[in-house]
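Observations on the model geometry
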Amino acid sequence: MFKYKVLAVLIVIIYFIQPFFFSNGGIGADSLSYFGIAVDLPHPETNLFPLGYPVMLRMIYNLVGDWCWTARILSLLFMIIILSFSYFKKFYFRETVLLFTGKTCFFVFTQAMSEEPFIFFLYFLFYFLYQLFSEEKKDYKNAIYASVMLICMFLVRYSGIYIYASILVFFLLLFFKLKIKLYFKPFTLFVFLSGLGIGSYLLFNYLHFGSFTGENLRGAPMGRSPIFILRSILGVTNVVDPFIGIKPASNSFLSITFQFFVFLIDVCLFIYMLKFLKKAKNDSNYYFHIFLWIITFVYSIALFVSGWFQQIEEMNVRMLAAANVAIFFSFLILYFKYSISDKWIWRIGCFFFAFLTVYNLKDPSNFLKNKNKIEPQMSRFVGKKYLFNDEKNKVTTTNYHIPVINKSFNYIHTNKQIGSIKENIIGSLNPKIKWLMQDTIKDKSKVLYTSEINFSTQ
C-alpha cells in the first residue's frame, strides 16, 4: 500500500504544477467562457454553460483574487478530496490511484475545465451507488446522496443528462431483476429525485434565459462530413482505452492510419476487459459493474449522436471523460479482485503516468512569465468589452528530431500559437472582456485584438 501512497502524492504534485509549464496555463476557450459567467455572478447573462463550475470558481476567486490561481487551487482540492476520501474510507484506494494515472484524469486535472468537477461528482456518485448495491437493505440515505451527486453533475455539465439517461436504461433493462432486491425502492427514489432535480434546473433555465441549455446560442453542427464522422467513431471506440488517447489533429493518411492502429489495440483491450466482467457474473457487486458499463456505452453513443445536432468537438479524451472513467474504474476493481498480483497493472500505470508527464512537457513554456508579460499592458485597454484573436494566421511550428532513427518531424501545437496564448491569458486576467469566435462587432473600438498586445515567446 505504501507505493500507492507515494504515487498518490506524486500525482497531486505533478497535476498541480504541470500547467505552469504550458504556454496558456491549461486555460482554453471554454475556460474563458466559465470565467466570464463567474465574473457576472450573481447576474449571469447566458446559460450556454451551467452555473455549477462558475459558482465554484467565484467562491475561490473571492479568496485569492486571481482566476488562473483559482482554477489551479480548485483542481488541487478536487484531487486531494478524492484521494483522501478513497484512502480513509477504504474505497478502492489502489484502484483510485491507478485511475489517476490514466489519460482522462491526466488531461482533465491539468486543464481549467468543467470536466474536473464533473469527474469529481461522478466518483462520489459511484461511491454512494456502490454502497446502495452492496448493502442488502433499504438504504434511502445513500440513494439521496447519490441523487445529489447526479444533480451536481448536471449543474456543472449539461452532458450529465446522458448519465441520467444511462441510469434510466440500466433501470429499464434490469427492472425485473432489480425488483426483487431490497435496494429496489431506494434506487427508484434515486431515479425520481435525480430526474426532479435535473428537470427543475432545466425549468429555471427556460424561465430565466428562454432556453433549456442555451441551444439557441450554439453554432451549426460540425460533424456531418465523412472524415469527421469516421474520426468521431474511432474516438468513441477509444473510450475503452485507459492510457492511449486519440487526438484528431489532421486528415492525413499517416494520422488516420495511426488512429486505425489504436483502434485495433482498443478492440483487443475491450475483449480483455470483457473477460473480467464475465468473471464477476456471480459477484455480489455484479450489477454495480453492469451499471458502470452501461454508463460507458450510453454516454458515448448519446454524445456521438448529439454531435449531429449541435456544434461540439470530435469525440476525444475530454468529451468522453466520464465514459472512460466508468469503464476503467470497473476494470481496475475486477482486476485486483481476480488477479493474483498487481505487478503488471502497477508497472503499466506508472509507465504511462511518467510517459504522459514527459509528453505534456515535450515543448515546455513558462506560463507565469507569459502572464507577467501581458498583465501590465491590460491597463491600456480599459473599456474594451470584447476580445478577438486576429493572429490565427501566425502559425508556430515545432520541429522534433528523433536521434535513434535520425528522423525529424514538425508539429503544430494548438496551445503554442501566439494569438491563442494571448487570448487565453487576457481572458483569464479580465473575464469581463468576452471572447469572440468571429469578429462580428461593428464598433471596433470596443474590441481588444490580440495583435494589440506586445508579446514574445522568446
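Cut-off values and rules
Residues numbered from 1 in each chain as written. Predicted model: local features only at pLDDT ≥ 70, side-chain atom pairs only at ≥ 80, totals over all residues. Heavy atoms only, no water. Helix = DSSP H or I, 4+ residues; strand = E, 2+ residues; numbered from the N terminus. Rg over C-alpha atoms; globule rule 2.2 N^0.38 Å. Contact = heavy atoms within 4.5 Å. Areas by Shrake-Rupley, 256 points an atom, 1.4 Å probe, with all protein chains shown as cover. Lys, Arg positive; Asp, Glu negative; His and termini not counted. Charge placed at Lys NZ, Arg CZ, Asp CG, Glu CD. UniProt positions renumbered as here; feature names shortened; annotations may be inferred. Pairing = 2+ DSSP bridges. Patch = residues over 30% accessible without salt bridge, like charges linked within 9 Å, V, L, I, M, F, W, Y side chains within 5 Å. Salt bridge = Lys/Arg side-chain N within 4 Å of Asp/Glu carboxyl O. Axes fitted to C-alpha atoms, helices over the stretch in contact; angles between N-to-C directions. Parallel < 35°, antiparallel > 145°, perpendicular 65-115°, else oblique. Left-handed = near helix turned anticlockwise from the far one by under 90°. Nonpolar A, V, L, I, M, F, W, Y, C, P; charged D, E, K, R; others polar. Expected span 1.5 Å × (residues − 1). Buried < 20%, exposed > 50% of the residue type's maximum accessible area, 1.4 Å probe, protein only. Phe/Tyr/Trp six-rings, centres within 6.5 Å; stacked < 30°, edge-to-face > 60°.

This part covers the overall build of the chain. Along the chain, the regular secondary structure elements total 18 helices and five strands. The C-alpha radius of gyration of the chain comes to 23 Å, within 12% of the 23 Å expected for a compact globule of 458 residues. Considered along the principal axes of its C-alpha atoms, the chain spans approximately 70 × 60 × 45 Å. Look at the contacts in the chain between residues 6 or more apart in sequence, and 77% of them connect residues 24 or more apart. As displayed, the chain offers around 21,300 Å² of accessible surface, 67% of which is attributable to carbon and sulfur atoms. Across the chain, the 45 positively charged side chains and the 25 negatively charged ones have centroids separated by 6 Å.

With that out of the way, let us pick up the UniProt feature "transmembrane region" (unreviewed entry) in the chain. On the UniProt side, "transmembrane region" (unreviewed entry) is annotated at positions that read residues 59-85, 106-130, 142-175, 187-207, 253-274, 286-309, 321-338 and 344-361 here. What you have in residues 187-207 is 100% helix and 0% strand, and the ends, taken at the C-alpha atoms, are 30 Å apart. Secondary structure across residues 321-338 comprises 100% helix and 0% strand; the distance between its end C-alpha atoms is 26 Å.

Taken in spatial order, the three strands line up as β4-β1-β5 in an open sheet, and their pairing is parallel. Pairing within the sheet leaves two strands with one partner each, and these edge strands are β4 (434-435) and β5 (447-449). Looking at chain direction, strand β1 (residues 386-388) and β4 are connected through two bridges and run parallel. Residue pairing for β4: Y386 is matched across the bridge by K434.

With that settled, consider a positive patch on the surface. On the surface, K177, K275, K278, K279 and K281 cluster together to form a positively charged patch. Among the structural elements, K279 can be located in helix α13 (residues 253-279).

One way to put it is that helix α2 (residues 29-40) packs onto helix α3 (residues 52-64) with a least axis distance of 8 Å and a crossing angle of 65 degrees. What the angle tells us is that α2 and α3 run roughly perpendicular. In this structure, α2 meets α3 at a crossing whose hand is right-handed. Residue-level contacts link Y34, F35, I37, A38 and V39 of α2 to Y53, P54, L57 and R58 of α3.

Another aspect to go through is the packing of helix α7 (residues 115-134) against helix α15 (residues 321-338). At a minimum axis separation of 10 Å, α7 and α15 run at an interaxial angle of 35 degrees. The two elements α7 and α15 cross, and the hand of that crossing is right-handed. Facing α7, whose interface residues are E115, F118, I119, L122, Y123 and F126, α15 presents A321, A322, V325, A326 and F329. Tallied by class, the residues present in the contact of α7 with α15 amount to 10 nonpolar, no polar and one charged.

Here the structure, examined in full by the defined rule, presents 11 salt bridges. R318 is the partner of D30 in a salt bridge, and the nearest nitrogen-oxygen pair spans 2.6 Å. Taken as a pair, D30 in helix α2 and R318 in the loop between α14 (286-306) and α15 lie far apart in primary sequence, 288 residues in all. K444 is the partner of D439 in a salt bridge, and the nearest nitrogen-oxygen pair spans 3.2 Å. By sharing partners, the salt bridges in this structure join D30, E115, R157 and R318 into a single network.

The next subject is helix α9 (residues 160-173). With 14 residues, α9 extends 20 Å from end C-alpha to end C-alpha; this agrees with the ideal 20 Å at 1.5 Å per step. Listed as buried for α9 are G160, Y162, I163, Y164, S166, I167, F170 and F171. Check the buried side of α9 and you find it contacts α7, α8 (140-156), α10 (175-178), α11 (184-209), α14 and α15.

There is a patch of nonpolar side chains on the surface, built from F297, I301, V305, W308 and F309 and spanning about 510 Å² of accessible area. On the secondary structure map, F297 appears in helix α14.

What follows concerns the packing of aromatic side chains. Counted under the stated rule, the structure contains 72 aromatic pairs. Ring plane angle 80 degrees and centroid distance 5.5 Å describe the contact between F175 and F184, whose orientation is recorded as edge-to-face. Taken together, a centroid distance of 5.2 Å and an interplanar angle of 75 degrees make the contact between Y272 and F276 edge-to-face. Taken together, the positions of Y272 and F276, both in helix α13 and four residues apart, correspond to about one turn of that helix. With a relative accessible area of 37%, Y272 lands in the partly exposed category. What makes F276 buried here is its relative accessible area of 5%.

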